[in-house]
Amino acid sequence: MDYNQLLIIFILLATMAMFIWGRWRHDMVAGAALLACVMTGLIDAADAFLGFAHPAVVTVACVLVLSRALQVSGAVDILARHVLPKQAGTTLSLAALTGLGAFLSGFMNNVGAMALLMPVAIQLSGRLNLTPGQVLMPLSFGTILGGMTTLIGTPPNLIVSGFRSESIGQHYGMFDFTAVGLFVALLCVLFIALPGWRLVPARKQPGSENFDTGAYITEVRVPEDSKASGMHLREVERELGEAEALIIGLIRNNVRMHAPASNRRIKSGDILVIEAEVEALTAMLSTLGLELEEAASAAEMEEKKSADNEEETAPRDGKDEAEEETSEANSNGDGMGLMELVVRTESSLQGRSARDIQLRERYGLNLLAVSREGSRFRARLQTLKIKPGDLLLVQGPEESLTEFAADTSCIPLAERELRLPEPGQALKASLIMVASVAAAAFALLPTAIAFAAGVLASMALRTLPLRSVYTAIDWPVIVLLGALMPVAAVMESTGTATLISEYLMNYVAQGNELAALGLILVLTMVISSVVNNAATAAAMCPIALGTAATLGVSADAFLMAVAIGASCAFLTPIGHQNNTLILGPGGFQFGDYWRLGLPVSILVVIVSLPLLLLVWPL
């Protein structure tokens, strides 16, 4: 092993460790790996950013834009309303929902498909008398499985295709993944819909009409006329016990007590830190005459502002009086609403607090409560750093709520109404996607060019607002791909991939072709459960190519094994964004995923290995 090989192995191990640690975002880690290779001379400075011009990177960006057009045009809502049964039983309903998620993920971003169908899944859980998690996890797995069925279904497939092009000079076709991927996805969806969903932990008693987000941590103020004023803490806890709420802290004069004594007397102006289910909040407030702290603070600020303005200005004519009445009505809460939002992995809220983003000043919204995996917070709500998977209970004007959810890439969990920007836009968006897929599938145009043309058509026909074209692109993923492509190429150019492959063949697989194929598949699946799937594919493709070269067999089966393995991150909530999305809404814990994820992973290995040998013979 020479110096360059040792160097790239060290960089890759450090990169993997950073990915698993999770302190830095994946795009930051990938950028650091790229710069490390440049500074150590493994990559020429002139070639450092060639990865961003790679067709796979361009295609991913274009598919994300076309996926967003399908979302905002309402095309997926129409499909969901016509495909999902209204009165079917549990098995058929779960099969239809999971199958629809898998189908959509074959042709659009699977995170987008998950986001669109989450409200449908939540509504379905109530009708089927199941916990939300028992529907959300099958949907999440279905959308992940669907990605393996087409070239554009998931970024790993495009990365695998790119490595094949560099190796033998030819990309995979649009449906080259379908023969194996579709069969595997169908069997896994059937398994999930029949016995599989019963393996999902039920984190809430069935029968509740409302969506269970888990316990929220919120702050309530004790006003002067509150029943709680003057009561001992234990008396308040006894009253709140009937509302299934628990006091976990008390704030007095801006000093927080995390474990206040039960004989402490409550005073007006105190702020109680309460843990309660979302449906218990109303009962809790009405029982003791408490006020949500954020809503109360906002009302006081508005009242003070109105009083100051009243002294300075007065209406001068009928028009001004009408405007004043409208403003007063708005300030009194007309048009105000509550929205539950789940924070996505790529949300701009990550690592920031309500105070950091000036939630009230910019959007006119109040953060009322936060739910996070049953955690209890030491920070105040306004200064609490938000994490992916958090559930936020936000209050404010409905338009502002919608704008805030869109700007921050959060998913509203309330049932959504179908709104089309204008008649025919859903049809236009669907036709553009179909035309782009057909142009790529029949080799009328190179894949990247076909989808770039689709984006241009989408912009020209306004199926997506022009301002949303660039916000539709998941830039951290693009940076991740563009940075890792040259790094992965170094593994081949230095002979490191061949070295690793020879070690695996000689000491692990013992030269057996089937064992080697299974090893690549399982190793990729395990890594993708803790590392971003695109990063996993970029790291494993050179090893797969080296393994095939060492054995003297065709590389297609090994590359396809990488594609399947990278698309099967079922064991943890951090391996795939869709698993992270359902962590809070399903009330899941980190160890809940393997209960269904492990059987599905085993089924994938059992089914895919013979299919790979049949469709892509060695």
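Criteria and cut-off values
- Sequence order sets the numbering: in each chain, residues are counted from 1 along the sequence as written.
- Owing to the predicted nature of the model, reporting of local features is limited to residues with pLDDT of at least 70; listing and counting of side-chain atom pairs is limited to 80 or more, with chain, interface and lining totals taken over all residues.
- Note that water and hydrogens are dropped before the side-chain values are worked out from all heavy atoms of the structure.
- Helix numbering and strand numbering both begin at the N terminus, where a helix is a DSSP run of H or I of at least 4 residues and a strand a DSSP run of E of at least 2.
- In this scheme, a residue with accessible area under 20% of its type's maximum is buried, one over 50% is exposed, and one in between is partly exposed, where area comes from a 1.4 Å probe on protein chains only.
- In what follows, a contact means two residues having at least one pair of non-hydrogen atoms within 4.5 Å.
- Here the open area of atoms and residues is found with the Shrake-Rupley method and a 1.4 Å probe, where only the protein chains shown may cover a residue.
- Each helix should span, by expectation, one fewer than its residue count multiplied by 1.5 Å.
- Two axes enter the definition of the bend at a residue: one is fitted to the seven residues ending there, the other to the seven starting there, and the bend is the angle between them.
- Whenever Lys or Arg places a side-chain nitrogen within 4 Å of a carboxyl oxygen from Asp or Glu, that contact is recorded as a salt bridge.
- Buried and open spaces are told apart on a 1 Å grid over the protein atoms alone, a cavity being a set of points where a 1.4 Å probe fits but cannot get out and a pocket being an open set with protein on both sides within 12 Å along at least five of seven lines. Residues with an atom within 4 Å of a point are the lining residues.
- Grid points are joined across faces, edges and corners, and a volume is the space filled by probe spheres set on the points.
- A pair of Phe, Tyr and Trp rings is counted when the ring centres sit within 6.5 Å of each other, with Trp represented by its six-membered ring. The angle between the planes then sorts it: under 30 degrees is stacked, over 60 is edge-to-face, the rest tilted.
- Definition of a polar contact: a pair of N or O atoms within 3.5 Å, with one able to donate and the other able to accept a hydrogen when the atoms are protein atoms, and with sequence-neighbouring residues admitted only if both atoms are side-chain atoms.
- A patch consists of residues exposed above 30% relative accessible area that lack any salt bridge, with like charges linked at up to 9 Å and nonpolar side chains (Val, Leu, Ile, Met, Phe, Trp, Tyr) linked at up to 5 Å.
- Each direction from the helix axis to a C-beta atom contributes to the arc, which is the arc of those directions.

Draft legend 1. Local environment of the overall build of the chain. Looking only at helices and strands, the chain features 24 helices and 9 strands. Per-residue burial over the chain gives 54% buried out of 618 residues. Contacts spanning at least 24 positions in sequence make up 79% of the contacts within the chain whose residues lie at least 6 apart. Carbon together with sulfur atoms contributes 57% to the accessible area of the chain, which is approximately 27000 Å² in total.

Draft legend 2. Region of the structure containing helix α21 (residues 533-551). Here α21 spans 26 Å end to end across 19 residues, near enough to the 27 Å set by a 1.5 Å rise per residue. Where α21 bends most, the angle comes to about 30°, and this point is Met540, followed within four residues by the proline Pro542. Among the 19 residues that make up α21, 17 are buried, leaving the element largely enclosed by the rest of the structure. At the C-terminal side of α21, Gly552 shows a positive phi close to 70°.

Draft legend 3. Expanded view of the pattern of salt bridges. Within the structure shown, the criterion is met by 3 salt bridges. The partner of Arg252 in a salt bridge is Asp270, and the shortest N-O contact between them spans 2.6 Å. Separated by 18 residues along the polypeptide, Arg252 in strand β2 (residues 245-252) and Asp270 in the loop between β3 (255-257) and β4 (271-276) bring together distant segments of the chain. Considered together, Arg252 and Asp270 belong to a single accessibility category, that of buried residues.

Draft legend 4. Quick peek at empty space enclosed by the protein. In total, this model carries 5 cavities of 30 Å³ or more according to the counting rule given. As a volume, the largest cavity reaches approximately 80 Å³. In this structure, the largest cavity is lined by Leu12, Thr15, Met16, Phe19, Leu484, Val487, Ala488, Ala535, Ala538 and Ala539. Only α1 (3-21), α18 (475-493) and α21 provide two or more residues apiece to the lining of the largest cavity. The element contributing the most residues to the lining of the largest cavity is α1, with 4 residues.

Draft legend 5. Focus on the packing of aromatic side chains. All told, the structure shown has 7 aromatic pairs when counted by the stated rule. With centroids separated by 5.4 Å and ring planes inclined at 65°, the aromatic side chains of Tyr172 and Phe177 adopt a geometry described as edge-to-face. The buried category is assigned to Tyr172, whose relative accessible area is 2%. An aromatic cluster is defined as three or more aromatic residues linked by ring pairs; in this entry it consists of Tyr172, Phe177 and Trp616.

Draft legend 6. Quick peek at the side chain of Thr524. Within the secondary structure, Thr524 sits in helix α20 (residues 513-528). Of the residues examined, Thr524 reaches a relative accessible area of 0% and is grouped as buried. In terms of polar contacts, Thr524 uses its side chain to reach the backbone carbonyl oxygen of Ile520, at 2.7 Å. In contact with Thr524, other than residues within four places in its own chain, are Thr536, Met540, Val562, Gly565 and Ala566.

Draft legend 7. Looking closely at a nonpolar patch on the surface. Taken together, Phe183, Leu187, Leu190 and Leu194 make up a surface patch of nonpolar side chains, about 350 Å² in accessible area. In this structure, Leu187 sits in helix α9 (residues 178-193).

Draft legend 8. How the structure looks around the side chain of Asp390. Summarising the element assignment, Asp390 is placed in the loop between β7 (366-371) and β8 (391-397). A relative accessible area of 1% places Asp390 in the buried class. Within the structure, the side chain of Asp390 is placed 2.8 Å from the backbone nitrogen of Lys387, a separation counted as a polar contact.

Draft legend 9. The arrangement of α1 in detail. Across its 19 residues, α1 extends 27 Å between first and last C-alpha, which sits within 8% of the 27 Å expected from 1.5 Å per residue. Residues of α1 that are buried: Gln5, Leu7, Ile8, Ile11, Leu12, Thr15 and Phe19. Seen from one end, α1 has its buried residues packed into an arc of 165°, which puts them on one side. Facing away from the buried surface of α1 by more than 90 degrees, the exposed residues are Tyr3, Phe10, Leu13 and Trp21. Where α1 is buried, its residues meet α2 (26-39), α18, α19 (496-508) and α21. N-cap assignment for α1: the residue whose side-chain oxygen lies 3.3 Å from the backbone N of Asn4 is Asp2. The positive-phi residue at the C-terminal boundary of α1 is Gly22, with phi of around 80°.

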